[in-house]
Amino acid sequence: MRPEGPRAEALDVVIPARDEAGRLPHGLTALSAKLAALPLSGSIIVVDNASTDATADIAERWSGPVPVRLVRCPTPGKGAAVRAGLLATAAPYVGFCDADMATGLDALDETLALLRAGHRVVIGSRRHPASVVEAYGRPLRRLGALAFNRLVRDLTGGVTDTQCGFKFFTGPLARAAAADLRTAGFAFDVELLLHCRRRGAEAVEIPVEWRDVPGSTFSVRRHAGTCLRDLLRIRAEAGRSATPQRARALADELRAG
């Protein structure tokens, strides 16, 4: 169930979580403390993505300095979970980060300042020259991420790191873009940024502190083929939908929101 109406100066943060019982308590503790220290109302939405462990129980029973709400998403895939979470938000500012908090939460200060200044999409980038990045523990994964980002830059307006799990938006834009999202798997970030760009919102990349946390559910060997197929579909659909009529409809939708 969605909360009733938007809240002034509020931030909803979505955490997609599939079998994250081991890492979620640390993530909720860190994120709750950071949100409580920000100069606005903060809340967390944990999206249980068909977990088979105690992920949902942890979220339901959590008590801390900011509200934590559980949303269930039975459709497997990080993209499906993020979509469900963003559509469950109501705040003027929304975003998502990973349960492992691999991206340092101090980046939320600059993120909030940029959103308040009028930017509609603010994302963490490990490729930013000012970022501090712990070396990937898996060279194959790092190589795959670099190749993937080069393939999709034209779709996202030159974004250098589409896959960093730290993305924030103005609420109406995020909910509209999420409603159009069809990619359930790990390539969803590209489609989500593309839907934002179609609505005239270019992403601002900010530096982050990032560390490789063991336990990621992403595997290059298992997921590379699916990501490539999703990317080809996103490209094809982008070409079909790039019409003046569609652009006008998106502009009207954003003004109404």
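Scroll up to find the structure this text is about.
Everything numeric in this text was worked out from a predicted model, so none of it was measured. (Residues numbered from 1 in each chain as written. Predicted model: local features only at pLDDT ≥ 70, side-chain atom pairs only at ≥ 80, totals over all residues. Heavy atoms only, no water.)

Caption draft 1: View of the overall build of the protein. Assigned secondary structure in the protein consists of nine helices and nine strands. By residue count, 50% of the 257 residues in the protein fall in the buried class. Counting contacts in the protein only where the partners sit at least 6 residues apart, residues at least 24 apart contribute 83% of the total. Carbon and sulfur atoms make up 56% of the accessible area of the protein, which totals about 11,600 Å². (Helix = DSSP H or I, 4+ residues; strand = E, 2+ residues; numbered from the N terminus. Buried < 20%, exposed > 50% of the residue type's maximum accessible area, 1.4 Å probe, protein only. Contact = heavy atoms within 4.5 Å. Areas by Shrake-Rupley, 256 points an atom, 1.4 Å probe, with all protein chains shown as cover.)

Caption draft 2: Region of interest: the environment of Arg 83. Relative to the elements of secondary structure, Arg 83 occurs in helix α3 (residues 78-87). You can call Arg 83 partly exposed: its relative accessible area is 28%. Beyond its immediate sequence surroundings of up to four residues, Arg 83 is in contact with Ala 178, Ala 179, Leu 181 and Arg 182.

Caption draft 3: Spotlight on the pattern of salt bridges. Within this structure, the stated rule accounts for 15 salt bridges. Where Asp 154 meets Arg 235, a salt bridge forms, and the shortest distance between an N and an O atom there is 2.8 Å. Here Asp 154, found in helix α5 (residues 139-156), pairs with Arg 235, found in helix α8 (residues 220-241); they are 81 residues apart in sequence, far enough to count as distant. Its relative accessible area of 47% is what places Asp 154 among the partly exposed residues. Given the relative accessible area of 31%, Arg 235 is considered partly exposed. Beyond isolated ion pairs, a larger network of salt bridges with shared partners links Glu 20, Arg 23 and Asp 100. (Salt bridge = Lys/Arg side-chain N within 4 Å of Asp/Glu carboxyl O.)

Caption draft 4: Region of the structure containing the pairing of strand β3 (residues 68-72). Relative to β3, strand β2 (residues 41-48) runs parallel, the two sharing five bridges. Along β3, the bridge assignment pairs Ile 45 with Arg 69. A crossover connection joins β2 to the parallel β3 through helix α2 (residues 55-61); in handedness this β-α-β unit is right-handed. (Pairing = 2+ DSSP bridges. Right-handed = clockwise from strand over helix to strand, strands pointing away.)

Caption draft 5: Spotlight on α3. The buried fraction of α3 is high, at seven of 10 residues. Within α3, the full set of buried residues consists of Lys 78, Gly 79, Ala 80, Ala 81, Val 82, Gly 85 and Leu 86. In this fold, the buried residues of α3 make contact with β1 (10-17), β2, β4 (93-97), α6 (171-180) and α7 (188-198).

Caption draft 6: Highlighting the sheet that holds β2. Pairing in this open sheet of seven strands is mixed, and the strands run β3-β2-β1-β4-β7-β5-β8 from one edge to the other. Edge positions in the open sheet fall to β3 and β8 (203-207), since each of these has one partner strand only. For this sheet, the mean inter-axis angle between neighbouring strands, taken without regard to orientation, is 20°. Of the strand pairs in this sheet, strand β5 (residues 121-125) and β8 are connected by five bridges, and their pairing is parallel. (Axes fitted to C-alpha atoms, helices over the stretch in contact; angles between N-to-C directions.)

Caption draft 7: Examining the environment of Asp 19 more closely. Relative to the elements of secondary structure, Asp 19 occurs in the loop between β1 and α1 (24-37). Along the primary structure Asp 19 and Thr 52 are separated by 33 residues, whereas in three dimensions their C-alpha atoms are 6.1 Å apart. In terms of polar contacts, Asp 19 uses its side chain to reach the backbone amide nitrogen of Asp 53, at 3.3 Å. (Polar contact = N/O pair within 3.5 Å; in protein donor to acceptor, adjacent residues only side chain to side chain.)

Caption draft 8: Structural detail: the nonpolar core. In this structure, Leu 11, Leu 31, Leu 35, Ile 44 and Leu 108 are the most contacted members of the largest nonpolar core, which totals 37 residues. Mapped onto this core, the elements with two or more residues apiece are β1, α1, β2, α2, β3, β4, α4 (107-116) and β7 (166-170). Per element, the largest residue contribution to this core is five residues, and it comes from α4. Dropping the residues within four chain positions of it, Leu 35 is found in contact with Leu 11, Val 13, Leu 40, Gly 42, Ser 43, Ile 44, Val 66 and Leu 108. (Core = buried A, V, L, I, M, F, W, Y, C linked by side-chain atoms within 4.5 Å.)

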